[in-house]
Amino acid sequence: MDPGSSESSVPHERSNSEVSFSPMVSFMAKRHILLLHAGGDSKRVPWANPMGKVFLPLPYLAADDPDGPVPLLFDHILAISCCARQAFKNEGGIFIMTGDVLPCFDASTMVLPEDTSCIITVPITLDIASNHGVIVASKTGILNKTSYVSLVENLLQKPTMEELVKNQAILDDGRTLLDTGIIAVRGKAWVELVRLACSSQSMIADLLKSKKEMSLYEDLVAAWVLAKHEWLRLRPLGEELINRLGKQKMYSYCAYDLLFLHFGTSSEVLDHLSGADSGLVGRRHLCSVPATTVSDIAASAIVISSKIAPSVSIGDDSIVYDSSISGGIQIGSQSIVVGVNVPGDSNGIEDNGFRFILPDRHCLWEVPLVGCTGRVIVYCGLHDNPKDSLSRNGTFCGKPWDKVLHDLGIQEGDLWSTTSTHEKCLWNAKIFPILSYFEMLSLAAWLMGLNDRKTKSLLPLWKSSQRVSLEELHRSIDFPHMCIGSSNHQADLAAGIAKACINYGLLGRNLSQLCEDILQKDVSGVKICKDLLDLCSNLQGQNSKILPKSRAYQVQVDLLQACREEKMACELEHKVWAAVADETAAAVRYGFREHVLESSNSTSASACQSSAFDGCVDQSFQHRDVRIELPVRVDFVGGWSDTPPWSLERAGCVLNMSIKLDDCAPVGTSISTTEQTGIEINDDDTMNKVYIEDPTSIATPFNSNDPFRLVKSALLVTGVTRDKFLLSMGLQIHTWTGVPRGTGLGTSSILAAAVVKGLLKITNRDDSNEIVARLVLVLEQLMGTGGGWQDQIGGLYPGIKFTESFPGVPLKLQVIPLMASPQLISDLQQRLLVVFTGQVRPARRVLEKVVTRYLRRDNLLISSIKRLAELARMGREALMNCDLDELGEIMLEAWRLHQELDPYCSNTFVDRLFELADPFCCGYKLVGAGGGGFALLLAKDADSAKKLRDLLQKDPHLEEYGSEFEVKIYNWALF
């Protein structure tokens, strides 16, 4: 075929309209987010092919960026319940995030109009707007403190200054509205969109048959904007879209506080990754990198999902993604390599002495084509604009086209059709040959102007080869093949890393996540996981001081689940929690561990009991009575860092405060001796009681429905069940709490502390707060509820305190009281509202999820808890400086982190409560694990606190959530 003809030289075109391709940003564009929220419940969207990838014949974002169109190649489509619920007020709809902008904003403050579509915008300067989409909005709208909602009158693409002025798109402050690519559809507009989707099969068939394209982003949005209807009618399916959707209007929600990161061009990607915030960038992930003595990889280079062989060089600030790079390859600085798989030694690359150099500021990638067995190597300069023509100083590999043609001896007719009316540019230049791999690399070096060899042999080879342009690549990429290849490549890397982690390491990797990557392989993924499971047989034999047994068991659970052995995994999970309890007991080391582990039918205990009835023990009855009353605690920040096994392995920090509610310490116990032997336990809250004739019969594990397991566990950890005084007398124990349990105030743990302290006191043992706090830590493990040390610390120690824990044997706790000034206490009592939401939620389920994520070494969880501990230190400084406004900001960040740790720690009612409180507050959060219970609302000042109190006590809007939610504001005082 004549290279200059207008016919396509592609082996086989796709028969449907698919996604355009631009590798320079493909690794960043590979994860776009689609938020679905239908029927009031958002769920993870299960659209994926059998290989675990998502392949959708979606339209492309045409020339939105100087480096060419951005692909919509999805690894995952995620449904994020928190954002969707907050944005749609739990009423259903669709929330789409597209494009090349990574936004950051508070979804809970969004104001979305009902029964219509809405596009999110942000004010931007005109120079930036000239390279993006711009929304022309009506000058009249609904304005509030954080948003502006108005009718969309027109849509502009990369407008010039004249177009902005002509369409009245410039705001009063000289800026214009940037189109972020975030679209929300609600109510009637959502219903019409669903109806269209359900009846669109024939439309899609016609579109595929005609081999035409339509844009989800442009065509669909244009149907809701009257000014775009004339343009849309000329587009494929445009008339149908107008008829079906055109009755609805689109609104613009202007989010003034929205921040965004634009990564539409290769140079922007590199700038972001090497800029001021580059220290936050992880530069090695899921990769195999050789030793520094056999390779030259710059510290600032970013290597992701790639395997690098020895004898490879990678320059400063370069990116290598989803690639396998064999020896002899040199990658310059500020370059991008995507999807490149250079054949290894078995293909003779080393023996032939082959070398390839990618110059500084260049891009190199590979793509498979439909109907082509190999892959095409594609390349260009970092700053090349594929749409810049010869007449507009277009470049290839950083050099003007005139120089490229002159240096290589290529004629214009070799690249472009002489009969075509389109401008000649890189986008439509037939420049990339389809040959054997090393021939393509050789020609790549030649086309970049790097080959010193005479061009007599390379020019004819290039001319005689079948060649494609970027435009033809767009129509011919084999996306399923690309996705499968990428999945298999990442699975192989994950398998190698997991094997090394088990064989040589201390299981510091997230094996659960690695297994997810491995299972992307359709058949062999499960077999690989089974092979890894076989390697775990010796894990339990390792020193538990170096490799905790809880971690070793969790790895086996994760591998069993990956192998589809759910029953065995469930059985082994019990060993995980038993190991956590055992490790906690070992860290506390208070001499009761042997009693805990003893069986209830030990010979010595039975013999001792028998002797009591025989009168062998002469001990007269002495009446004693102990009463312990403790406050509840509210935590400002730091929770979760106190929880085993985190606190057994890493430092923990918590800032909390003990308080009385309605002028009383609500948690307490009374313990007295009785002439009758045995133990009677009374729960004064429920009026339940139980009599245990033989205290030695108390043994773990306890039934989760046993209402007396807290007191029974306290009897075990204190060793009272085997105390000789019970041979001649008994105990009567009463417990009570003045507030519901499961409300986040640490009630259960503080009650446990009260019982433990009372038992130690009545038996004349050391009942110091430090001893009690440690014992409660183990008590909760015995109960099966788990838990950290902050609750009992909060109840046992008065006032405001900053507590740190230091891992070791024994676990060290350091409680630092904050000597609050009278002014600080007065300000706190005036500005801090303690509000009960009327909802209760046991923390056990949440705790299990968080602990499991930690045992899996979830990086996001680890970084979040580290940040919570850091915020606790900052909160201490804020209180010492009497800066309650700073404390409020810290509380807000802590609340956001808690929602990351557990997305269900908030709910619609809590969101509504905080939405009402926000104008009056500098900070707010739920205490404890969240999900309901008590909330702390820190007002901006005393006057705001009074207004907020009045609002919450009489606001009618809270009634819509039902009478079951009763907000109550408690009067509190520092204990």
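Each remark here, short or long, concerns the structure printed above.
Summarised in this report is the structure supplied together with it. (Residues numbered from 1 in each chain as written. Predicted model: local features only at pLDDT ≥ 70, side-chain atom pairs only at ≥ 80, totals over all residues. Heavy atoms only, no water.)

Observations regarding the overall build of the chain
Point 1. Check the secondary structure of the chain and you find 33 helices and 39 strands.
Point 2. The proportion of buried residues among the 975 residues of the chain is 56%.
Point 3. A separation of at least 24 residues holds for 69% of the contacts in the chain among residues at least 6 apart in sequence.
Point 4. Total accessible area on the chain is roughly 41900 Å²; 51% of this is exposed by carbon and sulfur atoms. (Helix = DSSP H or I, 4+ residues; strand = E, 2+ residues; numbered from the N terminus. Buried < 20%, exposed > 50% of the residue type's maximum accessible area, 1.4 Å probe, protein only. Contact = heavy atoms within 4.5 Å. Areas by Shrake-Rupley, 256 points an atom, 1.4 Å probe, with all protein chains shown as cover.)

What to know about the side chain of glutamine 556
Point 1. Take glutamine 556: it is sitting in helix α19 (residues 549-562).
Point 2. If near-sequence neighbours (up to four positions away) are discounted, glutamine 556 is found in contact with Leu533, Cys536, Gln540 and Leu572.

Describing the pairing of strand β4 (residues 117-124)
Point 1. With eight of eight residues buried, β4 lies mostly within the body of the structure.
Point 2. Going residue by residue along β4, you find Ser117, Ile119, Thr121 and Pro123 tucked away on one face and Cys118, Ile120, Val122 and Ile124 tucked away on the opposite face as well.
Point 3. Bridging between β4 and strand β8 (residues 250-255) involves five bridges; their strand directions are parallel. The residue of β8 that forms the bridge with cysteine 118 is tyrosine 251. (Pairing = 2+ DSSP bridges.)

Re the side chain of threonine 837
Point 1. Mapped onto the secondary structure, threonine 837 falls in the loop between β35 (832-836) and α29 (844-855).
Point 2. Among the residues examined, threonine 837 registers a relative accessible area of 0% and is labelled buried.
Point 3. A polar contact of 3.3 Å, which involves the side chain of threonine 837, links it to the backbone nitrogen of glutamine 839.
Point 4. Here glycine 933 takes part through its backbone oxygen, which lies 2.8 Å from a polar atom of the side chain of threonine 837. (Polar contact = N/O pair within 3.5 Å; in protein donor to acceptor, adjacent residues only side chain to side chain.)

Considerations on the packing of α19 against helix α20 (residues 566-588)
Point 1. For the pair α19 and α20, interaxial distance at closest approach is 8 Å and the crossing angle is 165°. Here α19 lies roughly antiparallel to α20, going by the angle between them. Every pair of crossing elements has a handedness; the one defined by α19 and α20 is left-handed. Along the contact surface, α19 presents Lys549, Ser550, Tyr553, Gln554, Gln556, Val557, Leu560 and Gln561, while α20 presents Glu566, Met568, Ala569, Leu572, Glu573, Lys575, Val576, Ala579, Val580 and Glu583.
Point 2. The residue makeup of the contact of α19 with α20, split by class, is nine nonpolar, four polar and five charged. (Axes fitted to C-alpha atoms, helices over the stretch in contact; angles between N-to-C directions. Parallel < 35°, antiparallel > 145°, perpendicular 65-115°, else oblique. Left-handed = near helix turned anticlockwise from the far one by under 90°. Nonpolar A, V, L, I, M, F, W, Y, C, P; charged D, E, K, R; others polar.)

Points about helix α30 (residues 859-880)
Point 1. The terminal C-alpha atoms of α30, which comprises 22 residues, lie 32 Å apart, in line with the 32 Å expected from a rise of 1.5 Å per residue.
Point 2. Looking at where α30 begins, the residue whose side-chain oxygen comes 3.0 Å from the main-chain nitrogen of leucine 860 is aspartate 858.
Point 3. Of the residues one or two after α30, cysteine 882 is the one with positive phi, at around 55°. (Expected span 1.5 Å × (residues − 1).)

Quick word on the sheet that holds strand β36 (residues 921-926)
Point 1. Pairing is antiparallel in the open sheet, where four strands are placed in the order β36-β37-β35-β38. Edge strands, defined here as strands with exactly one partner in the open sheet, are β36 and β38 (968-970). Ignoring which end each strand starts from, the neighbouring axes of this sheet average 25° apart.
Point 2. Sheet topology places β36 next to strand β37 (residues 934-939); five bridges connect them, and they run antiparallel. Across the sheet, lysine 925 pairs through a bridge with leucine 936, a residue of β37.
Point 3. The strands that helix α31 (residues 884-901) touches are β36 and β37; relative to β36, the one it contacts most, it runs at about 40°.

Some words on unusual backbone geometry
Point 1. For the bond from proline 644 to proline 645, the omega torsion is 5°, close enough to zero to count as cis.
Point 2. Tracing the backbone shows proline 645 in the loop between β27 (632-637) and α23 (646-649).
Point 3. In this model, threonine 700 is joined to proline 701 through a cis peptide bond whose omega is 0°.
Point 4. Positionally, proline 701 belongs in the loop between β31 (688-692) and α24 (709-717).
Point 5. Not every positive phi belongs to a glycine, and asparagine 393 is a case in point at roughly 60°.

Notes on the nonpolar core
Point 1. If you look at the biggest cluster of nonpolar residues, it comprises 113 residues, and the most contacted ones within it are Phe636 and Leu661.
Point 2. Residue contacts for phenylalanine 636: discarding those within four places in its chain leaves Leu655, Asn656, Met657, Leu832, Leu879, Leu887, Met891, Ala894, Lys925 and Leu936.
Point 3. If you look at the next biggest cluster of nonpolar residues, it comprises 74 residues, including Val340, Cys372, Leu441 and Met482. (Core = buried A, V, L, I, M, F, W, Y, C linked by side-chain atoms within 4.5 Å.)

Topic: the packing of aromatic side chains
Point 1. One pass over the full model with this rule turns up 11 aromatic pairs.
Point 2. Here the aromatic rings of phenylalanine 396 and tryptophan 401 are separated by 5.4 Å at their centres, their planes lie at 15°, and the arrangement is stacked. Both residues of the pair, phenylalanine 396 and tryptophan 401, count as buried.
Point 3. Ring geometry for tyrosine 437 and phenylalanine 438: centres 5.8 Å apart, planes at 80°, overall edge-to-face.
Point 4. If you follow arginine 467 out to its NZ or CZ, it ends over the ring of tryptophan 462, 4.0 Å from the centre.
Point 5. Taking the ring centre of phenylalanine 802 as reference, the NZ or CZ of arginine 876 above it sits at 4.3 Å. (Phe/Tyr/Trp six-rings, centres within 6.5 Å; stacked < 30°, edge-to-face > 60°. Lys NZ or Arg CZ within 6 Å of the ring centre and 35° of its normal.)

Considering the sheet that holds strand β29 (residues 667-674)
Point 1. With mixed pairing, five strands are arranged side by side in an open sheet as β26-β29-β32-β30-β31. Two strands lie at the open edges of the sheet, namely β26 (625-630) and β31, each paired on one side alone. In this sheet, neighbouring strand axes are inclined to one another by 10° on average, regardless of whether the strands run parallel or antiparallel.
Point 2. As paired strands, β26 and β29 are joined by six bridges and run antiparallel to one another. From the neighbouring strand, arginine 627 faces β29, where its bridge partner is serine 670.
Point 3. Sitting on the sheet, helix α25 (residues 747-762) is in contact with β26, β29 and β32 (730-737), with an inclination near 30° to β29.

Purely spatial values, then, with no claim about function.
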